[in-house]
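Structure at a glance
Each chain, letter by letter, is given below.
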Amino acid sequence: MNKIKFLGHASIYIKTDTTSLVTDPWFSESGAFLNTWFQYPDNTEIDFSWVQNLDYVCISHEHQDHFDLDFLKTLNPKTTIVIPDYDNKRFFNLIRDNLSNDIIQVPHKQKCLLGDIEFYPIIQIPGWDDCGLLFKANDEVILDLNDMKLSTEKDIEWVKNNGESLFSNLNNIDIDYLFVQFSGATWFPHVYSQYKFERKLQICEDKRKNKFNNVINLFKSLDAKLLIPCAGPACFLDDDHFDMNFVKENGFPTQKDFYDYFNENVCILLPDDEIKLGMDIDSINKRNLNNECFTNKFNYLTGYKDRRSKIIKSELNKIEAPTESLYKKMIDHFRDVIKSNSYFRKKISGKIMFITEKEEIVIDFTNMKNPIRKGYESGCMYEYKIDSKFLQLILDNELEWETLFLSLRFKVERKPDKYNEFLMAFLKYPYKSSLKRYELYDKNKKLDEKFILSMGDKLYECQRYCPHAYGDLSKGEVVDNTIICPLHTWAFSLEDGHCTNHNSKIVVKNLKAI
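Heads up: these notes are all about the structure in this document. Note that the structure is predicted; figures quoted are calculated from it, not measured.

Focus on the packing of helix α10 (residues 327-339) against helix α12 (residues 388-395)
In helix packing, the relevant descriptors are the interaxial angle and the interaxial distance, both defined with respect to the helix axes. Where α10 contacts α12, the axes come no closer than 10 Å and their chain directions differ by 40°. The angle between α10 and α12 falls in the class oblique. Seen along the crossing, α10 lies across α12 with a hand that is left-handed. Between α10 and α12, the contacting residues are K329, M330 and H333 on the first element and L391, Q392, I394 and L395 on the second. Split into classes, the residues belonging to the contact of α10 with α12 amount to 4 nonpolar, 2 polar and 1 charged.

In structure tokens:
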């Protein structure tokens, strides 16, 4: 008999008669991402009696809301850490350098026996270190997609139709529990100072609708028995971001927001809830949706904020501001990797500027001889305003760029207003080996598959997969003569294939009228 509990955010507890494991633990009272994100609802006071007897911890990726290093340090030394076998060994090294526990790395879609629980990781496309976790415990199948996106039909078909080769005694995979992220986890558009409030609301509304529809379509495609929305949202308890919690159409909708949009075979779980097939889901939903975190969000979060305010202040006060210019550190951080990578220089093809309270520093990807310069310059495609103490953490290798971005503790403007995928990749993976892998991934994208799109009296032959993250454009919505990618809302013109909101393009051929 299995015991399956939801532990909050993206964490699940699975126990059979002989084996116990937990996925993606995040229980820290100091939150995540420079103390900006906090678990919603609060899961720090659940029953932790299982910790010392835990056999395995399966961690999908290194984001702090899935990888709580402080909690992991409390584990029994005999507990084994299980992670995907990523090409980039940064995550593995981070665990190895901080914990004495054994670590198992499991390759993409390969079987790993964790006691009597069968486990398969489904690693997302290279360039995004994310992973779905597929488990079979006795006769029950749990698919925990957390933040990972099953972005192609091949992945979906692999999950649905390979039961005989994957799991013993199954001709195909009948998913009992689908745990999946439904809420946002991004800094866009919240930190973009060029947008007025109404524009931010519209962007968030569009992203929310798109995210909800993706989850619903995935749930139906996989034909899972039960959908448990999880892996979000975060809530924001510091003074600078607290009001974000109450914006009607922010990028971090709650479980109740999703349930109000779609509730067919959906189960809303709160931290420490146990779930079994056959339970009265309607009663569980009625009880949980009447919890104060949903019925009186302001009162709930005000009390939560009061419990965390001293911790937030204390943690932020530990970060020391630099006593001198960061210019030399910026040179050490950027110069060699820029000079050694012509592919990214060409793809980024512009300059960006970092503005602190003390100085401005320009990074110019078009100038190999002198790419890092002091002083304000016009014509920068991105202008980042960052406190010098946070920038120093990055330059001292104590903080990743993406951690800063997710913290929302910065402001940015971009001109033109188009996302530069290669700049983001460069900042996320500013290491020669990582950038080389990303370059090979980009060069080897298989984007030849086409589909036919009929629009009124017109017929188009379109590239099927989005060049960004392989979103299936054949399932996209057509708006104002553009086709919208269902994954990240990239919009491509049906006239010439150019992306209207990012630097990208697809192949589109206008066939003769019907």
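Topic: the sheet that holds strand β24 (residues 482-484)
Strand order in the open sheet formed by 3 strands is β23-β24-β25, and the pairing between neighbours is antiparallel. A single partner strand is all that each edge strand has here, and the edge strands are β23 (477-479) and β25 (491-493). Recorded for the sheet is a direction-independent mean angle of 30° between the axes of neighbouring strands. The pairing of β23 with β24 spans 3 bridges and is classified as antiparallel. Paired with E477 across the two strands is I484, which belongs to β24.

Details of the nonpolar core
Counting 103 residues, the largest nonpolar core has L178, F334, I363, Y384, W401 and F426 as the members making the most contacts within it. With 7 residues, helix α5 (residues 197-222) is the single largest residue contributor to this core. Sequence-distant contacts of F426, that is, excluding residues within four places in its chain, are made with F334, V337, I338, F344, I348, F365 and L435.

Looking at the side chain of N101
Tracing the backbone shows N101 in the loop between α2 (90-98) and β7 (103-106). Within the local environment of N101, its side chain forms a polar contact with the backbone oxygen of N76, the two atoms lying 3.0 Å apart. Polar contacts involving the side chain of N101 include one to the main-chain carbonyl oxygen of T79, which spans 2.7 Å. In contact with N101, not counting residues within four places along its chain, are L75, N76, P77, K78, T79 and I81.

Digging into the packing of aromatic side chains
Using the criterion set out here, one finds 50 aromatic pairs in the structure. Ring centres of Y40 and F294 lie 6.4 Å apart, and the angle between their planes is 80°; this geometry places the pair in the edge-to-face category. Placement of Y40 in the loop between β4 (37-39) and β5 (56-58) and of F294 in helix α8 (residues 292-295) is noted, with a sequence separation of 254 residues between them. On the accessibility criterion, Y40 (2% relative accessible area) is buried. Arranged with centres 5.1 Å apart and planes meeting at 25°, the rings of F119 and F135 form a pair that is stacked. Here the residue F119 occupies a position in strand β9 (residues 117-123), and F135 occupies one in strand β10 (residues 131-137), the gap between them amounting to 16 residues. Across this residue pair, the class does not change: F119 and F135 are buried. For K305, the ring lying beneath its charged end belongs to F242, and the centroid distance is 5.5 Å.

A look at the sheet that holds strand β13 (residues 226-230)
Spatially, 6 strands are ordered β8-β9-β10-β11-β12-β13 in an open sheet, and the strand pairing comes out mixed. The open sheet terminates on both sides in strands that have one partner only, identified here as β8 (112-114) and β13. Mean inter-strand twist for the sheet, computed between neighbouring axes without regard to direction, equals 20°. Strand direction decides the pairing type here: β9 and β10, joined by 7 bridges, are antiparallel. Residue pairing for β10: P121 is matched across the bridge by L133. Each of β9, β10 and β11 (140-146) touches helix α3 (residues 153-161); the most contacted strand, β9, lies at about 170° to it.

Some points on the side chain of N341
Along the chain, the position of N341 falls in the loop between α10 and α11 (342-348). Here F344 takes part through its backbone nitrogen, which lies 2.9 Å from a polar atom of the side chain of N341. Setting aside residues up to four positions removed in sequence, N341 forms contacts with L435 and E439.

Re the pattern of salt bridges
The final tally for this structure, using the stated rule, is 31 salt bridges. Put simply, K351 and E377 hold a salt bridge, and the shortest N to O gap is 2.9 Å. Of this pair, K351 sits in strand β16 (residues 351-355) while E377 sits in the loop between β18 (372-374) and β19 (382-385); the two residues are 26 residues apart in sequence, bridging distant segments of the chain. Residue K351 shares its accessibility class with E377, and that shared class is buried. With its nearest N and O atoms 3.4 Å apart, the salt bridge here joins D442 to K445. K445 carries the same exposure label as D442, and that label is buried. Each of the salt bridges in this network shares a partner with another, and the network as a whole consists of K351, D364, R373 and E377.

What about the environment of E62?
Topologically, E62 is positioned in the loop between β5 and α1 (69-72). Along the primary structure E62 and D130 are separated by 68 residues, whereas in three dimensions their C-alpha atoms are 8.5 Å apart. With near-sequence residues (within four places) excluded, E62 lies in contact with F67, R90 and F91.

Basis of the calculations
Residues numbered from 1 in each chain as written. Predicted model: local features only at pLDDT ≥ 70, side-chain atom pairs only at ≥ 80, totals over all residues. Heavy atoms only, no water. Axes fitted to C-alpha atoms, helices over the stretch in contact; angles between N-to-C directions. Helix = DSSP H or I, 4+ residues; strand = E, 2+ residues; numbered from the N terminus. Parallel < 35°, antiparallel > 145°, perpendicular 65-115°, else oblique. Left-handed = near helix turned anticlockwise from the far one by under 90°. Contact = heavy atoms within 4.5 Å. Nonpolar A, V, L, I, M, F, W, Y, C, P; charged D, E, K, R; others polar. Pairing = 2+ DSSP bridges. Core = buried A, V, L, I, M, F, W, Y, C linked by side-chain atoms within 4.5 Å. Buried < 20%, exposed > 50% of the residue type's maximum accessible area, 1.4 Å probe, protein only. Polar contact = N/O pair within 3.5 Å; in protein donor to acceptor, adjacent residues only side chain to side chain. Phe/Tyr/Trp six-rings, centres within 6.5 Å; stacked < 30°, edge-to-face > 60°. Lys NZ or Arg CZ within 6 Å of the ring centre and 35° of its normal. Salt bridge = Lys/Arg side-chain N within 4 Å of Asp/Glu carboxyl O.

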